[in-house]
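# An overview of the molecular structure
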Amino acid sequence: MGIRFVLMVNKQGQTRLAQYYEYLTIEERRALEGEIVRKCLARNEQQCSFVEHRNYKIVYRRYASLFFLVGVDNEENELAILEFIHLLVETMDRHFGNVCELDIMFHLEKAHFMLEEMVMNGCIVETSKSNILSPIQLMEKAS
Amino acid sequence: MSSQGGFGQSKEFLDLIKSIGEARSKAEEDRIVLREIDTLKARLSSPNITKFKLKEYLMRLIYVEMLGHDASFGYIHAVKMTHDESLLLKRTGYLAVTLFLNEDHDLIILIVNTIQKDLRSDNYLVVCAALNAVCRLINEETIPAVLPQVVELLGHQKEAVRKKAVMALHRFYQRAPGSVSHLISNFRKRLCDNDPGVMAATLCPLFDLITIDVNSFKDLVVSFVNILKQVAERRLPKSYDYHQMPAPFIQIKLLKILSLLGNGDKKSSEQMYTILGDIMRKCDSASNIGNAVLYECICCVCSIHPNPKLLESAADTISKFLKGDSHNLKYLGIDALGLLIRISPEIAEQHQLAVIDCLEDPDDTLKRKTFDLLYKMTKSSNVEVIVDRMIDYMISINDHHYKTEIASRCVELAEQFAPSNQWFIQTMNKVFEHAGDLVNTKVAHNLMRLIAEGFGEDDNTADSQLRSSAVESYLRIIGEPKLPSTFLQVICWVLGEYGTADGKYSASYITGKLCDAAEAHSTDDTVKAYAVTALMKIYSFEIAAGRKVDMLPECQSLVEELLASHSTDLQQRAYELQAIICLDAHAVENIMPMDANCEDIEIDKNLSFLDAYVQESLEKGAQPYIPEDERSGLSNISNFRSQDHESSIHALRFEAYELPKFPVPPKAPSILSSSVELVPVPEPSYVADVHQPATSALTVSNSGSSELKLRLDGVQKKWGRPAFSSTTPSTSSGDTFESNNGTTRHESISSTKSKVHDVSYDSRKLQPEISTEKQKLAASLFGGASKSDRKQSYTGQKVSKTNSHGADKSNLAKAASSSDNAAVIPTSQPPPDLLDLGEPTVTSSAPSVDPFKQLEGLLDPTQDTTKLSSGGVGVPNAPDIMSLYADMSLSGQSTTVANPPPNAIKTHLAKQPSKGPNVQEFLEKDALVRQVGVTPSGQNPNLFKDLLG
């Protein structure tokens, strides 16, 4: 089903956002997040942005101190997922303006809403920034 | 600032975020969260919470779970919030529910009713929120409750709703294909939707459907090609563009679909050639996204019916990928090469050095990808080199998951292509020795069977040679410490069967070794069992051959020990051994025939040989046997079971139950009856659909897993079934290629060898030596060049290439060493410690990260000090500061641009003046954050760092 999870974890291994598209228990998530971040931190900038972990392929990208990690299955186009991460960050940047880790922490629900617009059932469904953001902006206006 | 909307959040929430943000270790974070759990429990139990407070509590609960703790005590509040009128609260409620509950959670039933109501809402945003929830929460049982509404929403006037309705149907299809099998035509209809977003979303379910059943969708090839053409010609709204590429994510999805449809179908493929060529020509190979599309094109070109021109441009693109500096591109290049060599095997040759570089790269990801490629191009001429490399790598890694995979690949390749028996046995020994406890026990059993049955050829001498060499190597290995259990089992079994078969080793030698093994692994009952049985076989072969059996003293003590073993299995084996030894040669020959392990044993299931005994007993007055199902006590249970099963087939009913008829009380369990009034559904017709899908769901998952299987197309099977498992027409050409190379291979190796000789004594020729090594490797992997004159040119090319490569490497090394301090991180952080939550550079980096301090310098110094001292309680000061910022923002902006500080935030701002947010906005945001008490302190400099800096 393509995307299995989207994670944002900072350099210290603290989770900032987690969205799983398949069910894992809290313990499984905790273990998985720890292992993956350790793996990614051990890699340098020259190496591939892709890592295999258990039966996942992890595509990751680092922005300042925050890692964006997307777990996909084997059939996925890794480079496209890498760019999808960037699209997500660009979208958040457009909404928050110079998005930083703290924006995501204070507005966790909005970050989730954006992700909800972009990914459904583990598939990328929307890639137009205006389409992604308009429901969120409308909602803000209403409340 | 409008998007910011202020923080509107309570001090408590802000403090929580602040302390989580500043936590310096996981332990500290855990303490904070545990305290938060207590607070939340207290808060949530108080009787009157305002709605907005509750929303905040929900977000805090989400934090609790996200950070790895259980927040189930608050789930019910999330459920309640979904009932709320306010869109924001409702959506937050749905979000929390989707994050907390999996689709089979008991609480879901309480939400179905809300979802149904929301799907009927006049506000399309409410409908969208509900559809989002449908995609996450509705399971097979609840599909009928919402299905009719979702289908209706496919025609909704708002495109956002149509898009999400399509995805909801997609989700139903994923969960229970049978539930929507009659609705497939809707997907076809939505593909032609006016809105590109709806069309793009529809590609997701269509991709899944086409994966399962290509043939039903061949008629859509034209449509897909047309859409792709329009996308590529920039007919879609500009907002879909990404880095100047027109809707690349849609293009990629379409290419994936086309590669399915064109696979093995010449007619369909021909319709795609033009557009594929166009896209590959136009694609911007300088950007990541352009390369992502190019890669997808290659995948498609390699999957559909081959077209020489397209294959050529695919090959060109691949060599661009492989030659580039980016590891990501090399990775894709290697992957694409693996696809292309199935169609044109000769392409591998020109990339041999690039492939070897990737194989030797320290980057594990790249290395593994290259092993995947080697696995795909293994043939009998290069199997030894490849498998040896794989085994070396297997020994070097600790990752169990991959170790297991690579071990099984080694076994598979060895079984298929082994050039000799000795090599095969040695390879298997190595695999077992280093990954024995990881390989599937099936592999061990396979190996035993292979040794026992031979390799399907009628040549008995070859088989016995194989066995002899196995025995010989096992006798050598058996004494080694720390052998995996599975391997020892194989060894014991083989020694028992064939240890004395060729007469080379005496029975006492073999039995001695077996006893030693059993003793050395005294804790492993399985190994002991195998060893005892092996002893028994050897002794019985001796007896049958008419030789006198002298049991070694250590064997005797072993048997005695086992006679008193706690394991009944071992005991029985020991007693059997004892019994057999006392029998005469004729009887032993019948019980333990030599080399009879492959013969079928007929089993008399009716136990007819007992008839006489039964008859006798009956005559003596014994009770006759009653079959199990006829026995009275048990019949009830089985009946009960089948009843139970039947009732479980009935899914939940969402339509109202009929009024209870007295005196018969309704049979449904209490939860169900309570849910009755919650979920009234007028159409009962959909209930029927849910009942059948179990089997079709199974097939889906099956085919899904088969996709993940190793690709064996084009791989010749040496042993096992003597057939080609290939579908591509190219295999035969691949084979001729291989046989051609078989002869030239030695030549090229010897020539490179002589070259080594020439230079090896020369001390300064270190680099050429490496290159010859590489050449050798290349020659053995790729079979070298097939013509001698070409070979000549090759070596020249190779040397120059490796030279330049060497230079590259030194550059890289330099870059790597300098990158440690130059750092990609704007602040001069040391290389990240693994999960070390300490922030060692805190004091030095904090001031430079704080953009605020600089601004403070511009402000009145007294203001500055009051602000610093007020810190967390800065709220009352805030308005003044804000107004000051408003006044100062212009000058602030100019100063920032004038003397750009070293940190990334400012440069980012300076660089992107066109972007929406400006300095003022940024500073306002910063001020707001500060005002609520989160200041960029030594503990959290990163929290403020611009992600896109």
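Looking at an unreviewed UniProt entry, one finds chain B named AP-4 complex subunit epsilon and attributed to Abeliophyllum distichum. Regarding chain B, the UniProt comment filed under Subunit (unreviewed entry) reads as follows: "Adaptor protein complex 4 (AP-4) is a heterotetramer composed of two large adaptins, a medium adaptin and a small adaptin." Its UniProt record gives chain B the following Subcellular location (unreviewed entry) comment, quoted word for word: "Endomembrane system".

Named according to an unreviewed UniProt entry, chain A is AP complex subunit sigma originating from Abeliophyllum distichum. Quoted verbatim from the Subcellular location (unreviewed entry) heading of the UniProt record, the comment on chain A is "Endomembrane system".

Attention now goes to the sheet that holds strand S2 (residues 15-20) of chain A. Residues and elements named next belong to chain A. Taken together, the 5 strands give an open sheet; going across it, the order is S2-S1-S5-S4-S3, and neighbouring strands pair in antiparallel fashion. Of all strands in the sheet, those with a lone pairing partner are S2 and strand S3 (50-53), marking the two edges. For this sheet, the mean inter-axis angle between neighbouring strands, taken without regard to orientation, is 20 degrees. As paired strands, strand S4 (residues 56-63) and strand S5 (residues 66-72) are joined by 7 bridges and run antiparallel to one another.

Bringing the side chain of B:Lys528 into the picture now. Residues and elements named next belong to chain B. Inspection of the secondary structure puts Lys 528 in helix H28 (residues 525-544). For Lys 528, a relative accessible area of 7% translates into the label buried. Within the structure, Lys 528 has its side chain in polar contact with the backbone oxygen of Ser 522 (distance 2.9 Å). Discounting residues that sit within four places of it in the chain, Lys 528 has contacts with Ala 518, His 521, Ser 522, Glu 561, Leu 562 and Leu 570.

Moving on, we get to helix H17 (residues 327-340) of chain B. Residues and elements named next belong to chain B. Helix length check: H17 (14 residues) gives 20 Å between terminal C-alpha atoms against 20 Å at 1.5 Å per residue, within 8%. Of all 14 residues making up H17, 14 are buried, and the element is well covered by its neighbours. Looking at where H17 begins, the residue whose side-chain oxygen comes 3.1 Å from the main-chain nitrogen of Asn 328 is Ser 326.

All names here are of chain A. Most of S5 sits inside the fold, with 7 of its 7 residues counted as buried. Side chains of S5 alternate between two faces, with Leu 66, Phe 68, Val 70 and Val 72 and Phe 67, Leu 69 and Gly 71 buried alike. For strand S1 (residues 3-10) and S5, the ladder comprises 7 bridges, and the chain directions are antiparallel. Among the inter-strand pairings, Val 9 is bridged to a residue of S5, identified as Phe 67. Connecting S4 to the next strand, S5, in antiparallel fashion are 2 residues, including Ala 64 with a positive phi near 50 degrees.

This part covers the interface of chain A and chain B. At the junction of the two partners, chain A supplies 93 residues and chain B supplies 103 residues. When chain A packs against chain B, close to 8,800 Å² is buried across both sides, 57% of that on carbon and sulfur atoms. Viewed at the interface, chain B and chain A are joined by 9 salt bridges. With a shortest N-O distance of 3.3 Å, A:Glu117 and B:Lys164 are connected by a salt bridge. Across the chain A-chain B interface, the total number found is 32 residue pairs in polar contact (both at pLDDT 80 or more). The leading source of residues in the side of chain A that touches chain B is helix H2 (residues 78-96) of chain A, at 13 residues.

A contiguous nonpolar patch, built from B:Leu607, B:Phe609, B:Leu610, B:Tyr613, B:Val614 and B:Leu618 and spanning about 580 Å² of accessible area, is present on the exposed surface. Along the chain, B:Leu610 turns up in the loop between helix H31 (585-591) and helix H32 (611-619).

Let us now look at the pairing of S1(A). Residues and elements named next belong to chain A. Burial within S1 is extensive, with 8 of its 8 residues counted as buried. Across 5 bridges, the pairing between S1 and S2 is antiparallel. In the strand pairing of S2, Met 8 is matched with Leu 17. Where S1 folds back onto S2 in an antiparallel hairpin, the turn is made up of 4 residues, including Gly 13, whose phi is positive at roughly 80 degrees.

One finds A:Phe68 and B:Phe224 to be the most contacted residues of the largest nonpolar core, which totals 304 residues. Sort the elements by how many residues they give to this core and helix H7 (residues 124-137) of chain B lands first, with 12 residues. Contacts of A:Phe68, omitting those with residues within four sequence positions, involve A:Leu7, A:Met8, A:Val59, A:Tyr60, A:Arg61, A:Tyr63, A:Ile85, A:Leu88, A:Val89, A:Met92, A:Ile104 and B:Leu947.

A contiguous patch of negative charge, built from B:Asp600, B:Glu602, B:Asp604 and B:Asp611, is present on the exposed surface. With respect to the helices and strands, B:Asp604 occurs in the loop between H31 and H32.

What the rule picks out here adds up to 14 aromatic pairs over all chains. Note on B:Phe371 and B:Tyr393: the rings are 5.0 Å apart at their centroids and 25 degrees apart in plane angle, and the pair reads as stacked. Of this pair, B:Phe371 sits in helix H20 (residues 364-376) while B:Tyr393 sits in helix H21 (residues 383-396); the two residues are 22 residues apart in sequence, bridging distant segments of the chain. On the basis of relative accessibility, which here comes to 3%, the residue B:Phe371 falls in the buried class. Relative accessible area serves as the criterion here: at 5%, B:Tyr393 is assigned to the buried category. Taken together, A:Phe5, A:Tyr20 and A:Tyr56 form an aromatic cluster joined through their ring pairs. The aromatic ring of B:Phe207 is capped on one face by B:Lys253, whose charged end is 4.8 Å from the ring centroid.

Criteria and cut-off values
Residues numbered from 1 in each chain as written. Chains lettered and ligands numbered in written order. Predicted model: local features only at pLDDT ≥ 70, side-chain atom pairs only at ≥ 80, totals over all residues. Heavy atoms only, no water. UniProt positions renumbered as here; feature names shortened; annotations may be inferred. Pairing = 2+ DSSP bridges. Helix = DSSP H or I, 4+ residues; strand = E, 2+ residues; numbered from the N terminus. Axes fitted to C-alpha atoms, helices over the stretch in contact; angles between N-to-C directions. Buried < 20%, exposed > 50% of the residue type's maximum accessible area, 1.4 Å probe, protein only. Polar contact = N/O pair within 3.5 Å; in protein donor to acceptor, adjacent residues only side chain to side chain. Contact = heavy atoms within 4.5 Å. Expected span 1.5 Å × (residues − 1). Buried area = accessible area lost by both parts, 1.4 Å probe. Salt bridge = Lys/Arg side-chain N within 4 Å of Asp/Glu carboxyl O. Patch = residues over 30% accessible without salt bridge, like charges linked within 9 Å, V, L, I, M, F, W, Y side chains within 5 Å. Areas by Shrake-Rupley, 256 points an atom, 1.4 Å probe, with all protein chains shown as cover. Core = buried A, V, L, I, M, F, W, Y, C linked by side-chain atoms within 4.5 Å. Lys, Arg positive; Asp, Glu negative; His and termini not counted. Charge placed at Lys NZ, Arg CZ, Asp CG, Glu CD. Phe/Tyr/Trp six-rings, centres within 6.5 Å; stacked < 30°, edge-to-face > 60°. Lys NZ or Arg CZ within 6 Å of the ring centre and 35° of its normal.

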